Amino acid sequence: MRQPNIDKRRKLWRILWLIVALELAWSGLWLGYRATSLAAPEVNFSLVDDVTAADLRQVHQELMQSVASGQADSQSWLAMADAYATYGYFREASRYYRRAIEEDPYDSKATFRWALCMDRLARYPEAIELFEEAASLARDPRSSQACYYFIGKIHLKLEQPEEALKAFQRGKNHVPCQYEMANLLIRTGRVAEAEPMLQSLERYSNAIGTHLIRARAAEARGDQQAMTLHNDAAERGDEIPLYLTDRGYLKKFHSLYGASRMSTEGYELAQQGKQKEGLDILHTAFEQNRVVRMQPFYVQLELAVEGPAAAREMIQNWFDRSGESPEFLEVLGDTYMQEGAVEQAEVAWLRAAKLRGTASIHEKLTGVYQQQQDEEKIRYHQGGAAYEKGVAAYRANDLETARLSLEIAVERLPDKANGWFYLGQTSRVLGNLTRAREAYEKCLAIDPYHGRANQFLPLVVSSSTPR
Amino acid sequence: MAKKNKARRNRAKQLAGAETASQERPAPGNSVLLGLAVVIPIATWLVHPWVLPQGSLPEEHRPPTAWKGAEGDQFSKSPLGFKQQPIGPAPKHLPQISNVQILDFDEDGLQDVIACDPQTNRVLWYRQGPVGTWEEQVLGEDLLAPAHATVADVDQDGDRDVVVSILGNIFPDDSVIGQVVLLENVDGQFKRHLLLNDVRRVADVQVGDLDGDGDLDMAVAVFGYSRGQVLWLENHGEFRYEPHELFYAAGTIHVPLEDYDGDGDLDIATVVSQEQEEVLAFENLGSGKFRKRSLFSTINYDIGSAGLVKTDLDRDGDFDFLLPVGDNFEDLTSVPLPYHGCFWLENRGDWDFAAQRIATFNGTYAASAGDLDADGDTDVVLVSMFNAFETEGNASVVWLENDGQQQFRTWQVADRPIHLITVACGDLDGDGREDIVAGGFNVQYPTERLGRITAWIGK
């Protein structure tokens, strides 16, 4: 009876020895791996909020795991480098970009971003070298043109105009290169040479930048009227950037980390109908990031989920933190209106209008006074709403909408000089010089010192205004 | 034979007994091994945090010629002593003061401080009395993001009015949201007049008789963002002003008025930032006519012009400029750059201004001139908005000691509060030496070492 017990014990003894040996081996390997693994760089995370700091650590952890499993490739290293660069840790980023390129020496994107990083570190010769390399590696012409663009910009920083021009020339028909060349030539007194570049901006003929640079060229040629008209056209121009910045390349990474990531998640959840979950995430994101700005959708969400009192508390906290603004006074009015507190809503909206009237605020006040049947105030705010809509449409170059709104505005508020002025502007650009002249004259009859009406009236009187 | 077999059996028994005994021995018995099997993973788990990763990526090779200022600037401690004291209440949140000035607002012989506070949309007067104590009074409220307040007797009735430059939004915004508001002093109460609207963000207004008709006109810097202007407002009486456009470009910050060419009338100067980076003057030709002149220009679009301060730095009887450069707010992250600092634009007459760098200081955002060491020449104070403040000890306030020949040595005054955007010099305690007041504007990390309005009183 005793022999089987002995065998069992012997077997157990052997198994236990094996387990202990394996554990010792595993323990040694694990501790050895830890000791020799790549330490996260000593980053001072006071430049970011706590959530972002945690996210950056997590990215590093994931990188280490992929290194340990032998799966790390250039993209793994690049992700870490981009994350550091996004938050201004350029020195740290630079080391990871180098590692990414060691993994894949033909990665033009990594080389390009490393060059941007060196540029921000003011290590210009190295940045130029890397941009050159990225240009030679790039498969599409636009990418290599962007490299030449940034080389040109570095030469501008170094105040080397001729080298900058050469670099921009290598960018050939790249619009930002053409724009910078034109700008540089005009600034250095070579406006005639800039003409082909100015023509190449035709594709963006209504961009603000196109109008402004053409105005500068006109001024350099001594053509004051053309300058005035280009500057005036810039007022109705489109916000299309004609230049590139490193911000453009790095901003997309911002929403991957920290409070920005949480804000995006919260917003997306809310959009999917999970308002409460979205709101909770947004609360955390807002509490974590001390410099983030309140967004109206956040308050609207609070209003929808938690109700008017909670939304008001949130708005008041924001006012304490960053001062009152018309946007949030308008929402404050909305919270009162939701409870039927019309008088308090009116107070909030009037306060918003005092700081800066908008079409939306005027429309809401119109609604309040329609309930009160106060015809004078209805007329005033209807006129105000039409004026604001008209001016916004004029600035957006939506001239027919502008004209219709401004006609209503001057009908409701015939003593508002600026309403007549913008009607004059709109009519002038639409080519109705008679109506334009009438409108400018009405404006000046109300306010003889209206500077721009005085400036533009002679242009329509002479009937020679180019459209 | 039988005896032999018995002996063999006994021997076998003994051996079996010995083997059994050896199997049952406690060390290293099964219970110990079992214990080890449990303890080893736990011990490893407990110990592993103490085993720190030792590997690192190779250090970046930095060529000897590479700029080494990215870590931020620190300077030798100022030989002049300063006593640092806050003015006004402590910050509740991240303070945002856009402008400070030192002047004797109530003309009681003690210097006061005027501040613009976009966080409360107010212009505030810190009335000094007795020396070193400050009482806050509100000069104007509901002023949406005030950038600057200019004190002048605008209506020439013998008291001090305040002209407020209103941005409408402290953050980048190209909308038409700026205003110029006059706070008219009516027996110590301030009555509001809207002098200009339908313009983009207004950064500065200065007051002076620009057309020589005896009343006070104004020059306006409309900073905007993508679009902006320089205007002059012709005074037609009864608070009616006619705007005239002198220049159309984004990023005009200040419009200091002075007779720069010594011909007896006021000229207008301005600095254009937003990548154009140019100092311009509008020479007064009389009768409301002006001629544009370029005084300084650089193709370094990234230099970050941050203001323009008129001062007779070399005390030769004409007005020069200080040009602080170091704004890079528009970037995703604001980093030090080698060209940040301060230029002196020396007026050599006949509209010839010679630019000379007098300091290199990361993130320089504002400058002020004053005789800090009371040695009879004009020194300069600079404050920094971005100086790699994640590193404690990096300077936020420095003064440039003038050796009398306009050669300057930079001394560190303070490393906190950080993120300073505005500075003024004036003799706050009446000891004949000028002191410093600065305002903090905190919209970026680090969100520590905060200060709202801080004075450094020369000891």
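The rules behind each value
- Residues numbered from 1 in each chain as written.
- Chains lettered and ligands numbered in written order.
- Predicted model: local features only at pLDDT ≥ 70, side-chain atom pairs only at ≥ 80, totals over all residues.
- Heavy atoms only, no water.
- Contact = heavy atoms within 4.5 Å.
- Buried area = accessible area lost by both parts, 1.4 Å probe.
- Salt bridge = Lys/Arg side-chain N within 4 Å of Asp/Glu carboxyl O.
- Polar contact = N/O pair within 3.5 Å; in protein donor to acceptor, adjacent residues only side chain to side chain.
- Helix = DSSP H or I, 4+ residues; strand = E, 2+ residues; numbered from the N terminus.
- Nonpolar A, V, L, I, M, F, W, Y, C, P; charged D, E, K, R; others polar.
- Buried < 20%, exposed > 50% of the residue type's maximum accessible area, 1.4 Å probe, protein only.
- Patch = residues over 30% accessible without salt bridge, like charges linked within 9 Å, V, L, I, M, F, W, Y side chains within 5 Å.
- Areas by Shrake-Rupley, 256 points an atom, 1.4 Å probe, with all protein chains shown as cover.

A. Examining the interface of chain B and chain A more closely. Listed per partner, the contact involves 87 residues of chain B and 95 residues of chain A. Of the roughly 8,100 Å² buried where chain B meets chain A, counting both sides, 53% is carbon and sulfur surface. One can count nine salt bridges joining chain B with chain A. Between the two partners, chain B and chain A, sit 26 residue pairs in polar contact (both at pLDDT 80 or more). Elements represented by at least two residues in the side of chain B that touches chain A include exactly helix 1 (2–24), helix 2 (30–47), strand 13 (241–248) and strand 17 (289–297) of chain B. The leading source of residues in the side of chain B that touches chain A is helix 2 of chain B, at 10 residues. Residue classes in the side of chain B that touches chain A are distributed as 39 nonpolar, 26 polar and 22 charged.

B. Structural context of the side chain of Arg428(A). Residues and elements named next belong to chain A. Mapped onto the secondary structure, Arg428 falls in helix 23 (residues 417–430). Residue class for Arg428 comes out buried when judged on its relative accessible area of 4%. Polar side-chain contacts of Arg428 include one of 3.1 Å to the side chain of Tyr440.

C. Focus on the environment of Gly426(B). Residues and elements named next belong to chain B. In this fold, Gly426 is placed in strand 26 (residues 420–426). On the basis of relative accessibility, which here comes to 7%, the residue Gly426 falls in the buried class. Each C-alpha atom, one on Gly426 and one on Ile457, is 9.7 Å from the other, the two residues being 31 residues apart in sequence. Non-local contacts of Gly426, meaning those with residues more than four positions away in its chain, are made with Ile102, Glu434 and Asp435.

D. How the structure looks around a nonpolar patch on the surface. A surface patch of nonpolar side chains, amounting to about 600 Å² of accessible area, comprises Val38(B), Val39(B), Ile42(B), Trp45(B), Leu46(B) and Val47(B). In this structure, Trp45(B) sits in helix 2.

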